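Read off the chains here:
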Amino acid sequence: PAATSSAELGRWFADFGPVSHSVVALANRELLLRMPARQALLQSLHDAQAAYFLARTAPHSSGWRLPLLAGFGHLRRGLGLGETPPPPPSAASAPSSTRSAPGEPGGNPYMPGASVAAAATAREQRLLLLRQAVQQASAALADHDRESLSMVKRRHVGTGLAFVSFSSPEEATHARTALSSPSYTRAYCGRRLAARRAPEPSDVKWENLEVTRRERWRRQLASTGVMLVVASFGTAIISVVCYIQGKNVLNSLTLGDGMRGTILSLLVNLSVMLPVILGNVMLFVSVPVLAEKLERHTTFTGKELAVMLKLVFFQVYNSVFASLAFLFDPSIDLFARPWYTTGGALIANILFGDAIFIQVVLDWVRVGGLFSRLCLAPRAKTQLQMDRLYVDDADIYLAFRVQLAGKFIILALMFGTAIPLLYLLAAFYFWLAGWIDRYNLLRRLSPPPRTDAALTRALCLVVFPLGMALHALMACLFFSSLPAEDAAEANAAAA
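Predicted model, so just to flag it, every value in this text is computed and none were measured. (Residues numbered from 1 in each chain as written. Predicted model: local features only at pLDDT ≥ 70, side-chain atom pairs only at ≥ 80, totals over all residues. Heavy atoms only, no water.)

> Help me out: how do you make sense of the pattern of salt bridges in this one?
Side chains that carry opposite charge are capable of pairing whenever their charged atoms lie near each other. With the rule as written, the count across this model stands at 13 salt bridges. Two residues, Asp392 and Arg366, come together in a salt bridge whose shortest N-O distance is 3.3 Å. With Asp392 in the loop between α12 (383–390) and α13 (397–415) and Arg366 in the loop between α10 (337–365) and α11 (367–376), this residue pair connects regions lying 26 residues apart in the sequence. The class of Asp392 is buried, set by a relative accessible area of 12%. By relative accessible area, Arg366 is classed as buried at 18%. Salt bridges sharing partners connect three or more residues here, namely Lys205, Glu292 and Lys303. (Salt bridge = Lys/Arg side-chain N within 4 Å of Asp/Glu carboxyl O. Helix = DSSP H or I, 4+ residues; strand = E, 2+ residues; numbered from the N terminus. Buried < 20%, exposed > 50% of the residue type's maximum accessible area, 1.4 Å probe, protein only.)

Shown next, in the form of structure tokens:
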């Protein structure tokens, strides 16, 4: 019930054993979503404070020439080029009665007084602007905290979920076993409770606990429908481009000879490949965004699992339908010999590109993370900001890696009977994947959230069986297509 208290729930579960902790999840999504915004405001305040501190403690611009001139003096004396006048004593070491402004008699002979005054004025103006930036950032953080405090004081109802910790694992197992047994009739407030092993705290999406199961299913269907439209659009792009390449339409274009013709040919081929890349990028961008913004999973494991399964399905969907687009050509029969040079070559090129480009360039080199580590991190003003820029966030890295492995498993098993080269490409991919994952997870990425074995179970119980079933089905089609084509050719020759 929504009005359940943690103490009351703990007393109810005490019949199974000593309860060390019990908490009821509250419907405070709006409050939890304010935490990342507060983190951004706090980072802005730290940056403003660091910039003000560095500007205030920086040496005055009037003194920057003195060490340089003194160094040149030692150099001239060492080379026997004569003496340079010694620099004047600093203002801090000179007696107060003998201090004078630069440009005045006895002052700094290396910088006119007007230049010193202008530099001091510019420095004061800059310090004033930085001080105002600190005050504005501090006021914004205070306003945010004040509004969050008012939200904390509101009464939040329960979500229908609770977390109970026992003193020993045996007692927790006993409670789960009893509540899952049909013969257990004890109820809580007239309702039967269901229990399962709680996920790790880092695995829980606390802001989504108030979303009901029915609403999550509706959101899941809506997200899948959107992805089906996006994937169909990308598949149409890839199919048209591959059909154009297979029909050698580009070879009929007159591009000229010499260097000009070579450059135009390269540009035309590049323009043809850009839609293919766009069709694949649309999937990589859309699926994680929809999983985070629309589907609202209650655990990080659920989000990873949804992303992995959808990417595997839609990538296989893209590749298979793009290779079958060549069958619309009346001169190409179902998996006849001409298909191997068009659709079969497309499948081999897709897997080769994934094994080299996506795995090496995107997953190993990680251009964005490399730029952040080499260019942005050294320019950070605080150690905390530098640490965050230096280390890449793992996020759903495991889901992306597993979905790419699932794509290789299905496509290699599906078309490997006709194109044995795919087995070698898959073996090369998995050999290289082990080294890349070991390097990234141990040296490049922050530790991902602790999740259960849902990705591994889905790969073993869903992806592998599906690949084996498609392998058996496609083997029958491939082995029956070539004899049928030979018989048709023999009949045509006899006629």
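> Please explain the packing of aromatic side chains as it appears in this structure.
The relation between two aromatic rings is expressed through the spacing of the ring centres and the mutual angle of the planes. One pass over the structure, following the stated rule, counts 22 aromatic pairs. Seen from their ring centres, Trp12 and Phe13 are 5.0 Å apart, and the 80° between their planes marks the pair as edge-to-face. Each member of the pair, Trp12 as well as Phe13, is classed as buried. Here the aromatic rings of Phe415 and Phe478 are separated by 6.3 Å at their centres, their planes lie at 55°, and the arrangement is tilted. With Phe415 in helix α13 and Phe478 in helix α15 (residues 454–494), this residue pair connects regions lying 63 residues apart in the sequence. (Phe/Tyr/Trp six-rings, centres within 6.5 Å; stacked < 30°, edge-to-face > 60°.)

> In this structure, what is going on with the nonpolar core? I would like to understand it.
Here is a general trend for soluble globular proteins: nonpolar side chains tend to be buried in one another's company. Counting 55 residues, the largest nonpolar core has Val307, Met308, Phe408, Phe415, Leu422, Tyr429 and Phe478 as its most contacted members. Taken together, the elements giving at least two residues each to this core come down to α7 (213–246), α8 (258–295), α9 (300–324), α10, α13, α14 (421–444) and α15. Among the elements that take part in this core, α13 stands out by supplying 12 residues, more than any other. If you look at the next biggest cluster of nonpolar residues, it comprises 11 residues, including Val24, Ala175, Tyr184 and Tyr188. (Core = buried A, V, L, I, M, F, W, Y, C linked by side-chain atoms within 4.5 Å.)

That is the geometry; function is a separate question.
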